[in-house]
Amino acid sequence: MKHRIFFTILIVLLSTALVYHKKPENFNSFYPNLFQKSAENPQQETKVEEKTQSGKEVSKKNLVAKNLPSLPKPPETRILEPKQEVSAPPGLKVNLPSPLEASTSSPVPTPESPPPAITALTQAGIILQTNLQRQKNGLGFLGENGTLNSMATIKANDMCKKQYFTHVSPIGIGAGDLADNFGYDYILIGENLALGPFADDVAVVEAWMASPGHRANILNSRFTEIGASAVRCVFEGRSTWLAVQHFGKPASDCPRVDASLGKTIEGKKATLAEMKGRLLVMKAGIEASSPETDPGYNNKVSTYNSLVREYNSLMDETRTLINQYNSQIATFNACAS
């Protein structure tokens, strides 16, 4: 042949900048971009000069060569649930006086004698006196909640029936369990207990206020709702009062985190993991061959880079969703605390 045909193949390794961002709250890793061209390095795209049978020159873009950078792990993500807190100081027990014994020398009551004073504790009175104590201390009134009232009544009757005076029943039921059983979705719940011959609602609330732990519940600025109950009970052989306060900050007080968004992120993470597996297999095949020995090398490179661009696009989309999700978490946590 009068003219020699020269095949000049210039292969330049594709550079990849792995950009690590500050880790977003609640996630173990972020999404760095892969295999992006750098404007400062125009050599990342090179032309492969080939001769056709007619002798004309054509050019192709060869975007990937050997020694490709490794793919990062997809991020670990999880849906956070709001922390539920229970505030329950030890129950307040007022010492009972010894039973009075009738004396044979005692005068017999006459119709003109005044009847003995009968004390009475009421649900409405306990709630009112509690709110008045909050008002004295610069706090707003708590809203009465019917579910919390029912919980308090169940608790008081259960203590009387089973003769115990603790926040956790003999079968292991506490204030948080009661809330769950009643369907009261809470961020924070509190319980005060009192046992004794209290003269009235003022007396029992003042007794709670004199106890640091119970006072802290009454004056907790995070609580927004209250329920109460008081039952007359024969406890350990003596007739007395059992009083219960339940305080709550319901989950509805704070903006909810979109659980569906978390599920969407999980789905995209799974897709990224599947794509990563395919890319690793393709990358291994490319690195095991060369343009000189594999006629389909450039097609493999083109397919690989097409999937890389799709992978990077999905990472960018997922990053946006993560930012939205973390913003919701931050807003919820600020409200809950």
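For the structure, check the block above.
If you're wondering where the values come from, they're calculated on a predicted model, not measured in any experiment.

*Asks:* Could you give an account of the overall build of the protein, naming the residues involved and the relevant values?
*Replies:* From N to C terminus, the protein includes seven helices and eight strands. Taken across its 337 residues, the protein has 40% of its residues classed as buried. Look at the contacts in the protein between residues 6 or more apart in sequence, and 77% of them connect residues 24 or more apart. Total accessible area computed for the protein in this model is approximately 18900 Å², and 54% of it derives from carbon and sulfur atoms.

*Asks:* Describe in detail the packing of helix 2 (residues 146-162) against helix 3 (residues 175-182), supporting the description with residues and values.
*Replies:* In a pair of packed helices, the angle between the axes and the distance between the axes together describe the arrangement. Where helix 2 contacts helix 3, the axes come no closer than 10 Å and their chain directions differ by 125 degrees. In terms of their interaxial angle, helix 2 and helix 3 are classed as oblique. With respect to the hand of their crossing, helix 2 and helix 3 are arranged in right-handed fashion. Contacts between helix 2 and helix 3 pair Thr147, Ser150, Met151, Ile154 and Lys155 from the former with Ala175, Leu178, Ala179 and Phe182 from the latter.

*Asks:* Residue-level account of the nonpolar core, with values.
*Replies:* Of all hydrophobic cores here, the largest spans 21 residues; its most connected members are Leu121, Ile126, Phe198, Val204, Trp208 and Ala243. Those elements giving two or more residues to this core turn out to be helix 1 (123-136), strand 6 (186-196), helix 4 (201-209), strand 7 (225-235) and strand 8 (238-250). Among the elements that line this core, the one with the most residues is helix 4, at five residues.

*Asks:* Go over the pattern of salt bridges with me, naming the residues and quoting the values.
*Replies:* A side chain of one charge can pair with a side chain of the opposite charge when the charged atoms of the two come close. By the definition in use, this model includes nine salt bridges. When the shortest N-O distance is used, the salt bridge between Asp253 and Lys249 registers 3.9 Å. Owing to a relative accessible area of 8%, Lys249 belongs among the buried residues under this scheme.

*Asks:* Which residues make up the packing of helix 6 (residues 259-287) against helix 7 (residues 297-336), and what are the values?
*Replies:* Packing of helix 6 against helix 7 leaves a shortest axis separation of 9 Å and a crossing angle of 160 degrees. For the element pair helix 6 / helix 7, the angle class is roughly antiparallel. The way helix 6 lies across helix 7 gives a crossing that is left-handed. When grouped by side-chain class, the residues that make up the contact of helix 6 with helix 7 number 18 nonpolar, seven polar and seven charged.

*Asks:* Could you give an account of unusual backbone geometry, with specific residues and numbers?
*Replies:* Leaving glycine aside, a negative phi is the common case for residues, and trans is the common case for peptide bonds. The backbone of Gln163 shows a phi angle near 55 degrees, a positive value even though the residue is not glycine. The residue Gln163 is located in the loop between helix 2 and helix 3 in this model.

*Asks:* Got a sec to walk through the pairing of strand 8? Specific residues and values, please.
*Replies:* The element strand 8 is largely enclosed, with a buried count of 11 among its 13 residues. Relative to strand 8, strand 6 runs antiparallel, the two being bridged by 10 bridges. Directly across from Ala194, in strand 8, lies its bridge partner Ala243. Counting the residues that bridge the hairpin from strand 7 to strand 8 gives two residues, and of these Glu236 lies at a positive phi of roughly 55 degrees.

Each value, and the rule that gives it
- Residues numbered from 1 in each chain as written.
- Predicted model: local features only at pLDDT ≥ 70, side-chain atom pairs only at ≥ 80, totals over all residues.
- Heavy atoms only, no water.
- Helix = DSSP H or I, 4+ residues; strand = E, 2+ residues; numbered from the N terminus.
- Buried < 20%, exposed > 50% of the residue type's maximum accessible area, 1.4 Å probe, protein only.
- Contact = heavy atoms within 4.5 Å.
- Areas by Shrake-Rupley, 256 points an atom, 1.4 Å probe, with all protein chains shown as cover.
- Axes fitted to C-alpha atoms, helices over the stretch in contact; angles between N-to-C directions.
- Parallel < 35°, antiparallel > 145°, perpendicular 65-115°, else oblique.
- Left-handed = near helix turned anticlockwise from the far one by under 90°.
- Core = buried A, V, L, I, M, F, W, Y, C linked by side-chain atoms within 4.5 Å.
- Salt bridge = Lys/Arg side-chain N within 4 Å of Asp/Glu carboxyl O.
- Nonpolar A, V, L, I, M, F, W, Y, C, P; charged D, E, K, R; others polar.
- Pairing = 2+ DSSP bridges.

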